[in-house]
Amino acid sequence: MRSAVSAILSGTVPDQSMSYPDYQQTPHDHQTLLVVVRHIGRQLRTKQFNRAFDRISRISQIKIQDLQNNSRTIWIRFLRSYPAENNDWGDFQTHRKALGLISIGQCNSQDELNELCRIHESLKVKYTWTLYDSRCILFGLNSDSTVYDEQHSSEGSPSIDGQDGQNVFSRGRLNSGSGDHYTESPSTSIASSEFSMPGGGAVLPKPSCSSDTLHCLGMSYEETSEINDTTSEESASRSESVTGTIHYATLENQEKSASSHLKPLVTPGNFKARTLLYPTMDMSQSLELDMDEFVKGLFWVLESKRVDKLGLRKADRSLLLSALCAPFEKKDFVGLDLESKNNKKRADGRLKKQLGDLNLQAGLPGEAIAHYQSAVEILKSVNDWLWLAGALEGMSAASVTILYPYIRRSPTLQRNSSLQCMELVKFKNLAMSSANSLPPGLDPAELNSSKGSIKNCLSQREIQEKYQEAVSHYGKYRQAGVIETEASIKAALVLIEQKQILPAADFLQNAVFISLQLTEEEKMQRFNALSDLYSRLGFHRKAAFFKRVAAMRCVSPSNPHPNWNLCHSLLLQLLDGYNLSIDPNEPDKFGYYGWARLQIQVLQELVGTAKKKGNNSLATRHMTLLLHTMLPHLNPAERGEFSMQLEMLSKDSEGIPTPIALENGLIVPPVHLSIIPLVKVFKLIQPTPHLRPEKVEVKNPTDEISPFVYTPFVGNRDRVAKDASKADFCWVEGELCEVNMILENPLPIELRLSSICLITEGVSFHVNSNVISIPAESTMFPATLTGTPLGPGNLRISGYSTYTLGVKSNIRLKNVRAMKCPHIDVEIVAALPLIEVETSKPKSEFFSSFSDSIVTSASVSVLMGESQECSITLTNIGKVPIETLEISIDSRIDKRISEIFSWSDENLQSQLPIQPGTSANFTVYIYGAGDFIGQPDYQACDTISTSSLQTGNTNSIDGPSSLPSRLGAISERLRSSTKRTESSASRSSAKSGGSFNSFSMITPKTSMTSFSKTYEAVLKLKYSGGPGRHTGHYRCCGVALNVEVAPALYITKWDTLPGESPSQFYIVLDIYNASQHEMELNYAGTKKILVEKLESCRIPIPLDKCSVAEIEKGKEEAACCQHIVNNVDVKWILPDCSGKATLEGIRLTPEMVQLATVSPIEWEITINGEMAKPEEMHFETGEMINVDVCLKNHMRDELQDVQLSLAFYQDYQNGRCNYRLDSRVAVIGNDSVIIPQIGPGNSFQHSLSLIFFVSGLYKVDFKCNRKDMNTLSADTKIQGSPQQLAWKYNPPLDFQIN
């Protein structure tokens, strides 16, 4: 391919008569009548001429009834210009003859009319040997040849572009469209846009071409220059001032206009053409009718010539040999014997071939094929290769018109600057697909019937073979290079229609190797046409190659007038072939397939071309595209080089993220450097826990409460899928917000970002621009983007903006590979206050926090029972006042935290609101809560040992033994017991010297001294204020409190003893000093005792008995324990601190409970008529002592089966008591009585007398016994032995008998 291109560019060939190939020709053009339409004069603007040409060119075919009433379809081809050299080949191929001429101009005076007529006659001379007829269309004149009044139209005289464009748009709206609607003319009324004519109806298809498209590349250089000259002259006249234009129209032509309005204008005498006069373009409704009539006239002339040729005698055909020849053959017939048999056959064959051309143009393709076949046979016999090739091509063209009526020239797109590049490609594909649609006026059924009725029509394979043979015969003549090129292109078009891609490529390859003598501009047109054909084949890379060659010919050194604009435009068109696009966001273009080196080279050429044409901003845009899209394919050296080039280009024109509109209307989209730097992580940072706003949860009272523990329906009823683009946290108005990014610098140089900031939508957001420098080839560079929301609402973060290498880029998150969503929405909460917390205690070194909103901490060490204070200062460092403040304590481990911490809410609420910049103080009271009741000795028993220690058969809890003996016995028995069984209880009872019940908590000294407990809690501060408070938002922060509680003392043993009076009892405690200092104990109000470190002491504390009259049955123990806890006041004092011990957690046995509670029976005992006294009473031996006992029931229930009894004994004060006093005392009456029932509030009275016979000290014990299974302990019920309950009169009476 490259060798062929080199031959085209540098090869030399002999002169040829044809000017240049017509790359727009199709096989269907063989049946068209060629009409040339020219723009004459200076009054008619190019825009108006283009409108008129579009209307005329829509009449692409008409139907005519011939003399035999057969319908024929005549096709017409309109061209703006046609070189005379190509017209000379009209004898060889009749469709190359210019049969008609139409000139279009405008005049408003006689002189201008004369000039236009002269130009028209000069154009006729150019095609005088082939013209059948001509028309001169003049605007600005009425039908009576008078000048049209300019007050009704601004088209008659020069005017400014804006006025002209406005008038054209307002009046030509209907005509500039599809041509289906027309307005009525003042002189002629047309009822419908469909014209019925005697010879047939004119069909108005879509426009076939436009003057400002690449179709102009197929025009001759002469035509292009003429159009350019007309345009330049027009623009020169427009450059005059508006004032000068008005004077020119009013002063100089005032008299001529006045006279011309009255007198019609007259054409010159030598003007033989027919003139069509129209006032304006909008008032030319009969233009299509006139053109229809003109075309019909051409047909009848053509038909007459065809009939004349058919009627030519065979003897006269040889005389036409000199006329039936190609231009370069005329010199070969000089001196040639035309009467020879060979020349006669040649003349006959050429005549047959020409008859085939005329029949094809006259709408008789079947007869044309028959003539072509005859010509082929004759010409082949005489070796007339050129005309044989023409006959073969004509036969193939006639067959193509029958088999493929769809291969028509597709309408060229009008360039619209509002269309983007991708939209233009879509419309182009749509136009190409529309070329396969059936032309207007043709019935598919009619075409199908004509295919079968025409004989000798070539098949698809035969068409390809005939074209191939014709091209091979054309190649034998160097002067027929243009015709050979056109034949190859036509064959390729047919094969494309047949889906024969490779054979079509062979024909195009043959066209490439044909050497033609062309100028640089014609070479550019040739390469551009080949590129378009290869694109239709699907050879996009080869098409791009030829398009690139065409672009380079525009600025080649041998081109005297380099056109950098056209070169740049062609380079943009070839991007698709190299899998490139000016839009970096176009899918399936970058990063998937392509040829990286070629793509880089093409983009570099785009940069250089844009710079040459003086568009520095476009050069910067192309270099940005190169660096952005080709970065993965560049080596480190190229990356650094191109980066420096981009930075240098941006100094002349900064790269801004706005589209650039080119001269041809193409829009170059902005290029954003999304990979320089490359974002690996883009993450929104939620506020720290203590700054995080929270919403007050409002429970709906109407919510349904399911009766089921779990149901899958309630939870999923309104469940909504989580939106990945919605942040699960909120930001606060007026506070700094952060976004973390991890950046990668792919360049081998340090990348400096002069600015990088967020791109947001929604609420107003103040972004902070950062300046950072990323080291060369850094892969993990952290960066933080910040900003401040200025109002509440929804904030959408859609991307970020950078300024680097002189290019500003707005990168959207949807284009960031690391992002899964196109944007991120964050809710902005109204402004909230901000608090700062300080404490008076030292901070904790460490703590296992279960809250994430902690702002500070405090560490406190206390002893059990000690109290300390911690002062907390709250400072409002925000911008809105603190209006509400709630304090709570939270601990998920310890339930007794509420006992340790306390504060005054009233004191804090009195200091609200806290204005910005001010402070408030409150005190947290810390108490060293702990269990003063000693830990159980796990080596002795598995659980807390609750024993009922028994001796003898009685259940008395008020035995005569002393306190030391009782506690000693309790301790000894608790240490020796391992099981709470009946046998162990009996063994321990046998060893006991007294009867009592008690608790004992034994803990080794080593564990006691080292035991300490740490309590952790969080003091939560929930506060709000300002606008955020009205929206239901608040903040929460916390203070971590770490309290270490060390033991001060333990209560290891306790017991109850009878008091000095019936209303009192003693609680006896063994207290162990667990501190390292001597401890002073204060108890019982005024009593004190010193306890050495790590030593124990025993203290008795008198207490009033607990009344259980109003206590529910079964809750007596709890009431007694609470009574003891509330009334026992034991204070300890150490050198540097003090505290108070409590008996919280103490437990009592049923015997202890009965001793500590007020008896349900009220005793009233009188001795000899006097109330009994606790002191000794003296009597004489043998004296009768009268005793009266009154029992009153204080319980809410009645007492049943109560036994009242008296017991006499002597206490020897050595731990032994003598109960055998039968010989020493006599009882007159009953010493034991059974009381069946004592109702609530009722009394029972019993009397008896006593006589002592022996002197001494006697004790009399009064008691009541009752069997009640409901009051037995659990252990007793398990053992299955009932136990009697006893109530005694305390203390026993002392009788001193003298």
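Scroll up for the structure.
Quick notes on the rules
- Residues numbered from 1 in each chain as written.
- Predicted model: local features only at pLDDT ≥ 70, side-chain atom pairs only at ≥ 80, totals over all residues.
- Heavy atoms only, no water.
- Pairing = 2+ DSSP bridges.
- Helix = DSSP H or I, 4+ residues; strand = E, 2+ residues; numbered from the N terminus.
- Core = buried A, V, L, I, M, F, W, Y, C linked by side-chain atoms within 4.5 Å.
- Buried < 20%, exposed > 50% of the residue type's maximum accessible area, 1.4 Å probe, protein only.
- Contact = heavy atoms within 4.5 Å.
- Axes fitted to C-alpha atoms, helices over the stretch in contact; angles between N-to-C directions.
- Parallel < 35°, antiparallel > 145°, perpendicular 65-115°, else oblique.
- Left-handed = near helix turned anticlockwise from the far one by under 90°.
- Nonpolar A, V, L, I, M, F, W, Y, C, P; charged D, E, K, R; others polar.
- Expected span 1.5 Å × (residues − 1).

Q: Please explain the sheet that holds strand β38 (residues 1161-1167) as it appears in this structure.
A: Adjacent strands of a sheet pair through backbone hydrogen bonds, lying either parallel or antiparallel. The strand order across the open sheet built from 5 strands is β39-β38-β41-β46-β44, with neighbouring strands paired in antiparallel fashion. Pairing within the sheet leaves two strands with one partner each, and these edge strands are β39 (1170-1171) and β44 (1225-1228). Here 7 bridges tie β38 to strand β41 (residues 1184-1193), and the two strands are oriented antiparallel to one another. Along β41, the bridge assignment pairs Thr1166 with Asp1188.

Q: What's the story with the nonpolar core in this structure? I'm lost.
A: Side chains of a nonpolar character, in soluble globular proteins, are inclined to be buried together. Membership of the largest hydrophobic core comes to 142 residues, with the highest contact counts inside it found for Phe682 and Trp731. In terms of residue count, the dominant contributor to this core is helix α13 (residues 385-403) (11 residues). Those residues in contact with Phe682 that lie beyond four places of it in its chain are Val739, Asn740, Met741, Leu758, Ile797, Tyr800, Leu813, Met819 and Ile824. Counting 74 residues, the second-largest nonpolar core is a separate cluster that includes Val837, Val1043, Ile1071 and Leu1148.

Q: Even after reading the chapter, I still don't get the sheet that holds strand β17 (residues 781-789), so can you show me in this structure?
A: Spatially, 4 strands are ordered β10-β13-β17-β15 in an open sheet, and the strand pairing comes out antiparallel. The sheet is open, and its two edges are formed by β10 (678-685) and β15 (765-768), each paired on a single side. Recorded for the sheet is a direction-independent mean angle of 25° between the axes of neighbouring strands. Bridge count for β10 against strand β13 (residues 737-744) is 7 bridges, and the pairing is antiparallel. For Leu678, the partnering residue across the bridge sits in β13 and is Glu744.

Q: Which parts of the structure should I look at to understand the pairing of strand β1 (residues 32-39)?
A: On any regular strand, side chains alternate: one points to one face of the sheet, the next to the other face. Counting buried residues along β1, 8 of its 8 residues qualify, which places the element largely inside the surrounding structure. By the alternation rule, side chains of β1 split into Thr32, Leu34, Val36 and Arg38 and Leu33, Val35, Val37 and His39, which are all buried. Of the strand pairs in this sheet, β1 and strand β3 (residues 71-79) are connected by 5 bridges, and their pairing is parallel. Its bridge partner being in β3, Val36 is matched across the sheet by Leu79. Where β1 lies against strand β4 (residues 98-106), 6 bridges are found, and the strand directions are parallel. The residue bridging Val37 from the neighbouring strand is Ile102, located in β4.

Q: What exactly am I supposed to notice about the packing of helix α20 (residues 540-554) against helix α22 (residues 596-612) here?
A: Pairs of packed helices are described in terms of their axes, by the angle between the two and the distance that separates them. In contact at an axis separation of 13 Å, α20 and α22 are set at 30° when each is read in the N-to-C sense. Considering their axes alone, α20 and α22 lie roughly parallel with respect to each other. Where α20 crosses over α22, the two elements pack in a sense that is left-handed. Counted together, Arg541, Arg548 and Met552 of α20 and Leu598, Gln601, Val602 and Glu605 of α22 form the full contact between these two elements. Considered class by class, the residues forming the contact of α20 with α22 number 3 nonpolar, 1 polar and 3 charged.

Q: Even after reading the chapter, I still don't get unusual backbone geometry, so can you show me in this structure?
A: Cis peptide bonds are those with omega within 30 degrees of zero, and the linkage from Ile676 to Pro677 qualifies with -5°. With respect to the helices and strands, the residue Pro677 is situated in the loop between β9 (667-668) and β10. Even without glycine at this site, Ser145 takes up a positive phi of about 70°. Phi angles above zero are rare outside glycine, and Asn383 is one such case at about 60°.

Q: Would you take a moment to explain helix α11 (residues 341-361) for this structure?
A: Because the α-helix completes a turn every 3.6 residues, residues three or four places apart line up on one side. Taking 1.5 Å as the rise per residue, α11 with 21 residues should run 30 Å; its terminal C-alpha atoms sit 30 Å apart, in good agreement. Burial analysis of α11 places 16 of its 21 residues in the buried class, the great majority of the element. Remark: Gly363 follows α11 within two positions and exhibits a positive phi of approximately 85°.

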